[in-house]
Amino acid sequence: MNKFKYYFILLLAGIAIVSCSKDHDDPETVPLRDYKEQYKADNDSIVKYLNTHYIKEVTANFDITIEKIPAGGTQTSIMNQTVYPLQSRDVYNHDVTYKVYYLSLNKGSGEAPLNSDRIFASYTGSLLNGTVFDSSYGVGRSFELYLYAAQSVIDGWGEIFPQFKTGTPSAPAADGTITYSDFGAGVMFLPSGLGYYGSGQDAIPAYSPLVFSFKLFSLQRLDHDFDGVFDYQEDLNGDGYIYDFRDTARYPTPPATMVADDTDKDGVPDYVDTDDDGDGYSTYYEITKPTEHIGWVNGVFNGASTYYPWDPVIDNPSTPNTDETEPRGIPRRPTGPLKNPADPTESIDNPKSFLPADYTAAGRKRIHLDNTYPYQKK
Ligand SMILES: [Ca+2]
Ligand SMILES: [Ca+2]
Ligand SMILES: [Ca+2]
Ligand SMILES: [Ca+2]
């Protein structure tokens, strides 16, 4: 959790060095443009694009062709067509609330990624003038949506991909190839503030709005604090997004609609907080299954996992040699009889016992999020 502090200190040191070097006639660094001003210009350009271009074709495989409406043309603009109604999402970033436009060509049949998961997707990126600057030519590649990943993608991807779902994989072909059907497919129209902004890339001039068509094939859930609970299970309000408001450059004054997903309200969101409920016991410790509960116990199979999964899971039929059955999820604070029924006071010396329902009840407050459990020492 101190990583951020170091990052900001390094950043400040970097700025100090740049300002010092100006005195020595080194090339000046150009300050970044104002995000709000740039967004106004970008949004004008994007709206103009949406009003002057049309969807020429969408193939059965969700490959889309967008072209400019020719002079005198009667084609319906992207903005006004109704086959794929234009959608938008409000995105707060660098103190700007962007209205990000996107098209949904197909929602997808699988799971939606969280904005910190790894996705397997294909894409084609172009500028508003139609220049294609990069493409994976329909072939899926792996990307981590997490903003602070070593090789992270642009901010806009993490905001739009969670609106789509993955596809349905085929059985592997003879050469091991898996193909996907009914995958998420769409087009996002990104202002430069959610793209490369002032730092242009090879074929992308600085401050370019970007158009990406994409297909979302599959995803991999990630656990960024290694506490045994996946990021998407630490998305407390279930909106598909987690944010770290310690990043005050991106989020100086987050709107009320953005939720921190921070159980103990210490400013560190659950997905990077190793003690989610702030009770002094790490989440990793709290979700560790007692050894006497592993494997076969009194004729009941309790699963081979060292850790409680989030919810009970059934055996995976495609792995006949392994029994993944796990009837117990992370429990709530126990509700069974007291150890000493003669003493009505629940305490560390007189704890309640776990009932089967404590491991499975829907909506239960799991113990790693309940700072009243384990019982505190007197
Ligand atoms: Ca985690
Ligand atoms: Ca959330
Ligand atoms: Ca926290
Ligand atoms: Ca804890």
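Rules and cut-offs
Residues numbered from 1 in each chain as written. Chains lettered and ligands numbered in written order. Predicted model: local features only at pLDDT ≥ 70, side-chain atom pairs only at ≥ 80, totals over all residues. Heavy atoms only, no water. Phe/Tyr/Trp six-rings, centres within 6.5 Å; stacked < 30°, edge-to-face > 60°. Helix = DSSP H or I, 4+ residues; strand = E, 2+ residues; numbered from the N terminus. Lys NZ or Arg CZ within 6 Å of the ring centre and 35° of its normal. Polar contact = N/O pair within 3.5 Å; in protein donor to acceptor, adjacent residues only side chain to side chain. Contact = heavy atoms within 4.5 Å. Donors = N, O, S within 2.8 Å, 3.2 Å for Na, K, Ca; no water. Buried < 20%, exposed > 50% of the residue type's maximum accessible area, 1.4 Å probe, protein only. UniProt positions renumbered as here; feature names shortened; annotations may be inferred.

Draft legend 1. Region of the structure containing the packing of aromatic side chains. One pass over the structure, following the stated rule, counts 32 aromatic pairs. When the centroid spacing of 5.7 Å and the interplanar angle of 90° are considered together, the rings of Phe133 and Phe212 count as edge-to-face. Pair noted here: Phe133 is in strand S6 (residues 132-135) and Phe212 is in strand S11 (residues 210-220), with a separation of 79 residues, a long-range link. What links up through ring pairs into an aromatic cluster is the set Tyr102, Tyr123, Phe133, Phe143, Trp157, Phe161, Phe164, Phe212 and Phe214. Over the ring of Tyr232 we find Arg221, and its NZ or CZ is 3.9 Å from the ring centre. The ring of Tyr359 has Arg328 sitting right over it, with the charged end atom 4.4 Å from the ring centre.

Draft legend 2. Representation of the side chain of Gln81. Structurally, the position occupied by Gln81 is in the loop between strand S2 (64-68) and strand S3 (87-93). Among the polar contacts made by the side chain of Gln81, one reaches the main-chain amide nitrogen of Val83 at a distance of 3.2 Å. Not counting the four nearest positions on each side in its chain, Gln81 is found in contact with Ile55, Thr76, Leu86 and Leu103.

Draft legend 3. Representation of the coordination of the calcium ion (ligand 4) in the model. The protein atoms that coordinate the calcium ion (ligand 4) are Asp275 (OD), Asp277 (OD), Asp279 (OD), Tyr281 (O) and Glu286 (OE), at distances spanning 2.2 to 2.4 Å. All donor residues of the calcium ion (ligand 4) come from one chain, and their arrangement in sequence is D-x1-D-x1-D-x1-Y-x4-E. Assessed through its relative accessible area of 10%, Asp279 is described here as buried.

Draft legend 4. Structural detail: the environment of Val153. Structurally, the position occupied by Val153 is in the loop between strand S7 (141-144) and helix H3 (155-160). Taking the C-alpha atoms as reference points, Val153 and Leu369, 216 residues apart in sequence, are found 31 Å from one another. Not counting the four nearest positions on each side in its chain, Val153 is found in contact with Phe143, Glu144 and Leu145.

Draft legend 5. Structural view of the coordination of the calcium ion (ligand 3). Only Asp262 (OD), Asp264 (OD), Asp266 (OD), Val268 (O) and Asp273 (OD) from the protein reach the calcium ion (ligand 3) as donors, at distances of 2.2 to 2.3 Å. Within one chain, the residues donating to the calcium ion (ligand 3) are spaced in sequence as D-x1-D-x1-D-x1-V-x4-D. Here Asp273 lies in the loop between S11 and helix H4 (283-286) and Asp262 lies in the loop between S11 and H4, a separation of eleven residues in the sequence. Of the two residues examined, Asp262 and Asp273, each falls in the buried class.

Draft legend 6. Focus on the UniProt feature "domain: PPIase FKBP-type" (unreviewed entry) in the protein. This chain's UniProt record puts "domain: PPIase FKBP-type" (unreviewed entry) on residues 116-220. Summarising residues 116-220: 6% helix, 38% strand, and an end-to-end C-alpha distance of 10 Å.

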